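Here are the chains, one letter per residue:
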Amino acid sequence: MANGFLVLLFIFSTFSSNIHACNQPERSSLQTFALTLSASTPLNWTSGDCCRWEGITCNPGGSVTHLSLPSKGLKLKGGNFPSSSLENLTHLTHLNLSHNSLYGLIEPSSGFFLSLSHLEVLDLSYNLLSGELPVSLPSINIQIVDLSNNNFHGAIPSSFFQQASNLTSFSVSNNTLSGTIPSSVCLNSSPFIRLLDFSFNNFNGSISQGIGECSQLKVFRAGNNNLSGLLPQDIYNATMLEEVALPFNLLNGVISDRIVNLTNLAILDLHFNQLSGMIPLHIGKLSKLKLLFLHFNNLEGSLPPSLMNCTDLRELNLGINHLEGNISTLNFSRLSKLSKLDLGQNQLTGILPSSLYSCKSLRAIRLSRNDIEGEIQPEILSLTSLSFLSLGFNRLTNISRAMRILGRCKSLVFLSFAFGFQGGELPADLGVVDFDGLQNLRLLSLDDCGFTGQIPVWLSKLKKLEVLDMSFNSITGHIPSWLGNLPRLNFLNLESNLISGEIPKELCRLPMWISEKTGTQEDDIELELPVYGSRGPTVFVQYRLSYFPPAMDLKSNNISGIIPIEIGQLRLLRHLDLSNNNFSGNIPEQISNIKNMETLYLSNNHLSGKIPSSLTRLNFLKDFNVSYNNLDGEIPTSTQLQSFSASAFEGNPKLCGAPLPTECQPTKGKDADNNNNEDSMEDEDEDQIPWLHVSVILGFILGFWGVCGPLVLKKKWRYAYFEVLDNAQNRIYVMVIRCIAKMQRRLRS
């Protein structure tokens, strides 16, 4: 009986060990697929049972159901995706090859899409795959499709979602798809679809009606496209929506009051569009709202008081619109979770609201470019996480008190008061004996505030300062030498002040302008709110201070003396503006050592001498101006300098050469020397004896009479001479006769 039990146990173990053994055709298909791949860590697909291979799962019948190899560093050896090698995996339900480096074309008509009729999950995201999408999804069972972050192109066929009755998630973000977003996306798909992501493509046209049919839709993203027209009205029927993100499009019209139907909405992102009208009056009913981004639109009217009912708000950005009204009437203290507030570049009025100081989680505040009055209160120090503060272009008062308060703030990274105060004197000290505030400050902008006094010495303790802008004020005194000791200072703007004296040599030792190692190793942190820049009609959104180039701008002051030769040490400097000052002396040759220089302005000074020819080596120079100085000589010839207009050199009467119309002429002194040299050479030619001719004639005479004279005078020499000639003639005659006779004999023979 015991033996029978062992036999049964053996049979059962044998059966159970083979119950998951993979089918041979599918094993061969997988091996063929593996041959087309290269991986940072080779796949261990060598055992007999493919169901035990890495990333492979089989059903009880031995058919492969899961092929999951995400983030394995896979690359294709050929140029096309090996779809044919996967066609035999007809029971495959999960295919995940995401986060690899698979490169190649997937043909929409290939069997890869047609044969996988049981597929439920298809994830090919974060690869380099290309091609057009097929006519329809491969399986009626498909639930999740993620083709994001590839190079798929073309339009989504109108029939693509016909078999999408079980679809719950669809993402094609970060491709180059075009055409319109198909209206059938919700009409043919299941009511269970929760995510639709069409963002970062080239879709155009309007968003068709039909989104509201997705009754379970939670996330709808279609930002960074070229969508236009109005928001579809039925989108407000999708009451389960938690996120609507349509930024960077061309959408217009108003935000309907019906948006309050979306009571589950947590994220509403419609920034960088052309929306107009007012913010819905009862937007406060969206009590779950956490992120509200409506900046860069044409919204108008007042901020609705109900907005303060959105007590779960973390980030509120309504900047760069046409909003108006008294900001001090809003009670921000109810937004206790608010971390970022941007209301900049509107038409808001009133007193700087003290209720903001109750938002203890605030990390960023931008109220710049409004018409706000008042003073900064000491309660701002309760915002212990505040790192970004921008209040410029307002009408604030008492800068001295404001800086003494903020001098105790240790978390600030970005502080901008540009054109924000109406005059006043910067405090020489911040009223703290052991100053340790502002130790994390990276940017300080105090430009165009009408400040008086000298550059305060407490700036010397800001060892992390990268950007310092104090331009367009009435600052007096000299440039302090300790500026050269700020280890991270990269952008310095002191333009349009009353600064006098000379450039301190210490300023030419700033580490960030000298050492490439220093410039690249320093950490470049991300700002809490972006800095907006523009180049023509294009707006740039920058979150890092590396946006500011290495620059020294001392334009329009009373700085005198020579340009120090040490300036040539600033090899990484890209912008240098010393125009409209009282500099004298020559332009130093060493300035050509600044190989990365893009702009060089030296106009309206008292510089003299020649333009150094070494400036022709500044290959990256885009803007250049030395007009209205006392320069002379010829402009050095090079493609760079000659590419600038004549206005860059005008106002230098003694300067000549292209691009100036004045041609360079030889000086009078040189002309006189040349004429004298020519006259003296002519005189020498006239007075000089022609010795060559004389020597030839004398040689001929001496040679002729040296031979013929003795023959004429001595009779014996004459007879002997003629006898020699006769003998020579006879010998030659005999030799000729003999040669002729020999030739005749040879011819006869």
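The following refers to the structure shown. Remember, predicted model here, so these are calculated numbers, not experimental data. (Residues numbered from 1 in each chain as written. Predicted model: local features only at pLDDT ≥ 70, side-chain atom pairs only at ≥ 80, totals over all residues. Heavy atoms only, no water.)

### With respect to the overall build of the protein chain
The cut-off we apply is this: The helix and strand labels rest on DSSP assignments: H or I over at least four residues marks a helix, E over at least two residues marks a strand, and numbering proceeds from the N terminus. Three labels apply to residues, based on accessible area from a 1.4 Å probe with only protein chains included: buried if under 20% of the type maximum, exposed if over 50%, partly exposed otherwise in between. Pairs of residues are marked as contacts when any of their non-hydrogen atoms sit within 4.5 Å. The accessible surface values rely on the Shrake-Rupley method and a 1.4 Å probe; as for residues, cover is taken only from the protein chains in view.
For the protein chain, the count of helices and strands is 11 helices and 48 strands. Looking at the 749 residues of the protein chain, the share that counts as buried comes to 47%. Long-range pairs, those at least 24 residues apart, make up 58% of the contacts in the protein chain with a sequence separation of at least 6. Split by element, the accessible area of the protein chain, about 36,100 Å² in all, is 54% carbon and sulfur.

### A few points about the state of the cysteines
Note the threshold: The definition used for a disulfide is geometric: two cysteine sulfur atoms within 2.5 Å.
A complete count under the given rule lists four disulfides for this structure. Here Cys51 connects covalently by a disulfide to Cys58, the sulfurs 2.0 Å from one another. On the sign convention where negative is left-handed, the bridge of Cys51 and Cys58, at about -100° about the S-S bond, is left-handed. On the basis of relative accessible area, Cys58 is assigned to the buried category, the value being 13%. Listing the disulfide partners of the protein chain by sequence rank of the bonded cysteines yields 1-2, 3-4, 5-6, 7-8.

### Observations regarding the pattern of salt bridges
The line we're drawing: Note on definitions: salt bridges are taken to be side-chain nitrogens of Lys or Arg within 4 Å of carboxyl oxygens of Asp or Glu.
Per the stated rule, a full pass over the model turns up 19 salt bridges. Notably, a salt bridge pairs Asp49 with Arg52, separated by 3.7 Å at the nearest N-O pair. Across the salt bridge formed by Lys505 and Glu566, the nearest N and O atoms sit 3.8 Å from each other. Remark: Glu566 occurs in the loop between β41 (558-562) and β42 (575-577) and Lys505 occurs in the loop between β37 (500-501) and α6 (511-514); sequence separation between them is 61 residues. Lys505 sits in the partly exposed class, given a relative accessible area of 44%. Connected through shared salt-bridge partners, Glu315, Lys340, Arg363 and Glu528 make up one network.

### Some remarks on the nonpolar core
We apply this condition: Working definition of a nonpolar core: buried Ala, Val, Leu, Ile, Met, Phe, Trp, Tyr and Cys residues. They are joined through side-chain atoms within 4.5 Å.
By size, the foremost hydrophobic cluster in this structure holds 180 residues, and its most contacted members are Phe198, Phe220 and Phe649. Among the elements of the structure, α2 (24-35), β2 (56-58), β3 (64-68), α4 (184-187) and α5 (399-406) are those that each provide at least two residues to this core. Per-element accounting of this core gives the leading share, five residues, to α5. The contacts of Phe220, once residues within four sequence positions are left out, are Leu196, Phe198, Ile207, Ile211, Ile235, Leu241, Glu243, Val244, Ala245 and Leu246.

### Some thoughts on a nonpolar patch on the surface
Selection rule: Excluding any residue in a salt bridge, patches collect residues exceeding 30% relative accessible area, merging like charges within 9 Å and nonpolar Val, Leu, Ile, Met, Phe, Trp and Tyr side chains within 5 Å.
On the surface, Phe248, Val541 and Tyr543 cluster together into a nonpolar patch covering about 230 Å² of accessible area. You can see Tyr543 is positioned in strand β39 (residues 538-544).

### Describing the packing of aromatic side chains
Worth spelling out the cut-off: Two rings belonging to Phe, Tyr or Trp (six-membered ring only in the last case) form a pair when the distance between their centres is within 6.5 Å. Interplanar angles under 30 degrees mark stacking, angles over 60 mark edge-to-face geometry, and anything in between is tilted.
Summed over all chains, the structure comprises 16 aromatic pairs. Centroid distance Phe393 to Phe419: 5.3 Å. Interplanar angle 35°. Geometry classified as tilted. Separated by 26 residues along the polypeptide, Phe393 in the loop between β29 (388-390) and β30 (395-396) and Phe419 in the loop between β31 (414-416) and β32 (424-425) bring together distant segments of the chain. Note on Phe393: relative accessible area 29%, which makes it partly exposed. Their ring planes at 65° and their centres at 5.4 Å tell us that Phe491 and Phe548 sit as a pair that is edge-to-face. With Phe491 in strand β36 (residues 491-493) and Phe548 in the loop between β39 and β40 (551-553), this pair connects stretches of sequence that are 57 residues apart. Of the residues examined, Phe491 reaches a relative accessible area of 15% and is grouped as buried. Residue Phe548 is classed as buried on the basis of its relative accessible area, which comes to 17%. Three or more aromatic residues joined by ring pairs make a cluster, and in this case those are Phe160, Phe161, Phe170, Phe198 and Phe203.

### A short note on the side chain of Thr65
On the secondary structure map, Thr65 appears in strand β3. A residue is classified by how much of its surface remains accessible, and Thr65, at 10% relative accessible area, is buried. In contact with Thr65, other than residues within four places in its own chain, are Thr57, Cys58, Asn59, His91, Leu92, Thr93 and His94.

### A closer look at the pairing of strand β26 (residues 347-351)
The two faces of a sheet get side chains in turn, since along a regular strand they alternate between them. What counts, and what does not: Pairing between strands requires that DSSP locate at least two bridges from one strand to the other.
In the sheet, strand β24 (residues 322-326) pairs with β26 via three bridges, with the strands oriented parallel. Paired with Asn326 across the two strands is Thr349, which belongs to β26.

### Points about the environment of Pro661
By secondary structure assignment, the location of Pro661 is in the loop between β48 (654-656) and α9 (668-687). The spatial distance from the C-alpha of Pro661 to the C-alpha of Ala646 is 7.8 Å, given a sequence separation of 15 residues.

### Brief notes about the sheet that holds β41
Taken together, six strands build an open sheet; the order of strands is β37-β41-β43-β45-β47-β48 and the sheet is parallel. Bordering the open sheet on either side are β37 and β48, each of which pairs with just one other strand. Where β37 meets β41, two bridges bridge the pair, whose relative direction is parallel. Paired with Gly501 across the strands is Ile559, a residue of β41.

### Brief notes about the side chain of Asp553
Our working definition: In this tally Asp and Glu are treated as negative and Lys and Arg as positive; neither His nor the chain ends contributes.
Examined against the element boundaries, Asp553 turns out to sit in strand β40. Despite being buried, Asp553 has no salt bridge partner; Lys555 is the closest side chain of opposite charge, sitting 6.7 Å away. Among all residues touching Asp553, those that are not within four sequence positions of it are Leu492, Asn493, Leu494, Glu495, His575 and Asp577.

### A few points about α2
What counts, and what does not: What a helix is expected to span follows from its residue count: subtract one and scale by 1.5 Å. Directions are taken from the helix axis to each C-beta atom, and the arc is the one they span.
Helix length check: α2, at 12 residues, gives a terminal C-alpha distance of 17 Å against a target of 16 Å (1.5 Å per residue), a fit within 8%. By the burial criterion, the buried members of α2 are Glu26, Arg27, Ser29, Leu30 and Phe33. The buried residues of α2 occupy one face: seen down the axis, they fall within an arc of 160°. For α2, exposure combined with an orientation more than 90 degrees from the buried face picks out Pro25 and Leu35.

### Some remarks on the pairing of β24
Where strand β22 (residues 298-302) and β24 come together, three bridges link them in parallel fashion. Its bridge partner lying in β24, Gly301 is registered against Leu323.

### Concerning the environment of Ser603
Looking at the secondary structure, you find Ser603 in the loop between β44 (599-601) and β45 (606-609). Each C-alpha atom, one on Ser603 and one on Asn580, is 6.3 Å from the other, the two residues being 23 residues apart in sequence. Residues contacting Ser603, with those up to four places away along its chain left out, are Ser579, Asn580, Asn625, Val626, Ser627 and Asn629.

### Quick notes on unusual backbone geometry
Between Ala658 and the following residue, Pro659, the backbone shows a cis peptide bond with an omega angle of 10°. Structurally, Pro659 is set in the loop between β48 and α9. A positive phi angle, near 60°, is found at Phe272, a position not held by glycine. Mapped onto the secondary structure, Phe272 falls in the loop between β19 (267-269) and β20 (274-278). The phi dihedral of Asn604 falls on the positive side, at around 55°, and the residue is not glycine. Tracing the sequence through the fold places Asn604 in the loop between β44 and β45. Here Asn604 falls in the partly exposed class, since its relative accessible area comes to 33%.

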